[in-house]
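# Remarks on the overall topology
Spelled out, the chains give:
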Amino acid sequence: MSICCSSYYNHHFPIYFNPNSISSSSLRTIKPIIGTRFAKCTSSDDIHELLKILPHDLRENLVMESKRDQLLEVILDLGRLPVACFLGDSDRRFLRDTEISIDELEYAQNAIGEIGGDNRAGITGTLHRISAVRSRKGVVVGLTCRVGRAVRGHIDMVRDLLQFGESILFIGRPGVGKTTVMREISRVLSDELQKRVVVVDTSNEIGGGGDIPHPAIGSARRMQVSKPSMQHKVMIEAVENHMPQVIIVDEISTRAEVNACKSIAKRGVMLIGSAHGERLGNIIKNPILSDLAGGVETVTLGDQEARKRDGRKSISARSGPPTFPFMIEMRERHHWVVHKTERSMDALLRGERPRVEVRRRDKQMKVVIEKWKVED
Ligand SMILES: Nc1ncnc2c1ncn2[C@@H]1O[C@H](COP(=O)(O)OP(=O)(O)OP(=O)(O)O)[C@@H](O)[C@H]1O
């Protein structure tokens, strides 16, 4: 079943910029408004498939729930009351007043099938993700059942950036919506911009459960990954065997994955990736992920230069070009901060606050862009 929680929004397609032509001093390079778009923001979620794995009474409770289209997760922990989490950080509620039993957890496990090495499972043909918590003996004692959705329209927050063919990294806390937007980007790049797109889908989270990818990724091809530690190998295999113009990969975190990204970018393939981390500043401080922004090195200064900097003999500087020329902080679902990575990274390393583009939706769900804002 599909649920529409749509609202029409009148989107003034934003002032856009050419990343290669921005100079720090000038606003002249900014091109003018290029159009006005009216689009429909819709989401569909096959929620009944997820409800089927839940205990009977919870299922009935949630079917009647008026905020069902805002349901994010159902948490089932052994010996505790089941919890439903809705959109909005503090919107959580108990679904009944009796605890979850081991039989109920076993029932859910049987319904979802095999749980992978990353303790995650999907439901065939859907975008839902079920993550297990195990005891020391390996028994499943908790399940986080996340509702996966195909959302159309949200991409208008960044659609203008896709045309440049430059790699984009989405960063944000867990649950802010990174995977959901990357799924829509897969569809838009493969179907609307006619690119050869390969999704490297480590937990089948982008393309959904089962061997046939969900229509939400459009005609992008999907490569599954046998275990999470193989993600970097599959990324390289995708480039070497399947000639993609775009690689899409979620949750970049290890040194091997960062190196794979660098190697892919050097071959001229566009990357759309995601990583956990609230701000670009966190990425720079992370010894592994900072390489995605160009890497940080210590530069020793000559005496004259050091005098200009209060006697400091060394400074931190960017060591190379960023793998991802754009980094987008997803602060909230409708509040994103777009960095031109090189420029922002250099400013942060000089101890300055970078100038960024802040993109939000207003009350009418129109995308509003504030350019050249000093980041707060
Ligand atoms: N624009 C949206 N409209 C409606 N629901 C959304 C939207 N974006 C995300 N969601 C819902 O929010 C939840 C979290 O989304 P998603 O999995 O994309 O987050 P994430 O940032 O990738 O999380 P993680 O880092 O933990 O993988 C999901 O239930 C998803 O369906």
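### Brief notes about the sheet that holds strand β13 (residues 246–249)
Sheet architecture is open: nine strands sit in the order β12-β11-β13-β14-β10-β17-β18-β19-β20, paired in mixed fashion. Strands at the two margins of the open sheet, each flanked by one partner only, are β12 (221–224) and β20 (367–374). Strand-to-strand twist across the sheet, computed as the mean angle between neighbouring axes with direction ignored, equals 20°. Strand direction decides the pairing type here: strand β11 (residues 197–201) and β13, joined by four bridges, are parallel. Within the sheet, the bridge partner assigned to Val-197 lies in β13 and is Val-246.

### Focus on the environment of Arg-80
As for its placement among the helices and strands, Arg-80 is situated in the loop between β3 (71–77) and β4 (83–86). Among residues more than four places away in sequence, those in contact with Arg-80 are Thr-98, Glu-99 and Ile-100.

### Let's talk about unusual backbone geometry
Negative phi characterises most residues that are not glycine, and trans characterises most peptide bonds. In the Ramachandran plot, Gln-194 falls in the positive-phi region, its phi being about 55° despite a non-glycine side chain. Mapped onto the secondary structure, Gln-194 falls in the loop between α5 (178–192) and β11. Given a relative accessible area of 63%, Gln-194 falls into the exposed group. Even without a glycine there, the phi angle at Met-243 is positive, about 45°. The residue Met-243 is located in the loop between α6 (231–242) and β13 in this model.

### Some details on the side chain of Asp-91
By the secondary structure assignment, Asp-91 is in the loop between β4 and β5 (92–94). With a relative accessible area of 19%, Asp-91 lands in the buried category. Polar side-chain contacts of Asp-91 include one of 3.4 Å to the side chain of Arg-93. Once you skip the residues sitting within four places of it in the chain, Asp-91 turns out to touch Lys-67, Ala-84, Cys-85 and Phe-86.

### Notes on the site of the ligand
As a matter of local geometry, the ligand sits amid 20 residues, with Val-147, Gly-175, Thr-179, Thr-180 and His-276 nearest to it. Val-176 places a polar main-chain atom, nitrogen or oxygen, 3.2 Å from an oxygen atom of the ligand. Between the ligand and Thr-180 there is a distance of 2.6 Å, counted from an oxygen atom to a side-chain nitrogen or oxygen. In isolation the ligand offers 630 Å² of accessible surface; the protein chains occlude 93% of this area. For the shell around the ligand, the element with the most residues is α5, which contributes three residues. Of the residues contributing to the shell around the ligand, the split by class is five nonpolar, seven polar and eight charged. The residues that make up the shell around the ligand include at least three from each of domain 1 (46–146) and domain 2 (153–374).

The rules we used
Residues numbered from 1 in each chain as written. Predicted model: local features only at pLDDT ≥ 70, side-chain atom pairs only at ≥ 80, totals over all residues. Heavy atoms only, no water. Pairing = 2+ DSSP bridges. Helix = DSSP H or I, 4+ residues; strand = E, 2+ residues; numbered from the N terminus. Axes fitted to C-alpha atoms, helices over the stretch in contact; angles between N-to-C directions. Contact = heavy atoms within 4.5 Å. Buried < 20%, exposed > 50% of the residue type's maximum accessible area, 1.4 Å probe, protein only. Polar contact = N/O pair within 3.5 Å; in protein donor to acceptor, adjacent residues only side chain to side chain. Near = heavy atom within 4 Å. Areas by Shrake-Rupley, 256 points an atom, 1.4 Å probe, with all protein chains shown as cover. Nonpolar A, V, L, I, M, F, W, Y, C, P; charged D, E, K, R; others polar. Domains from an automatic or database assignment.

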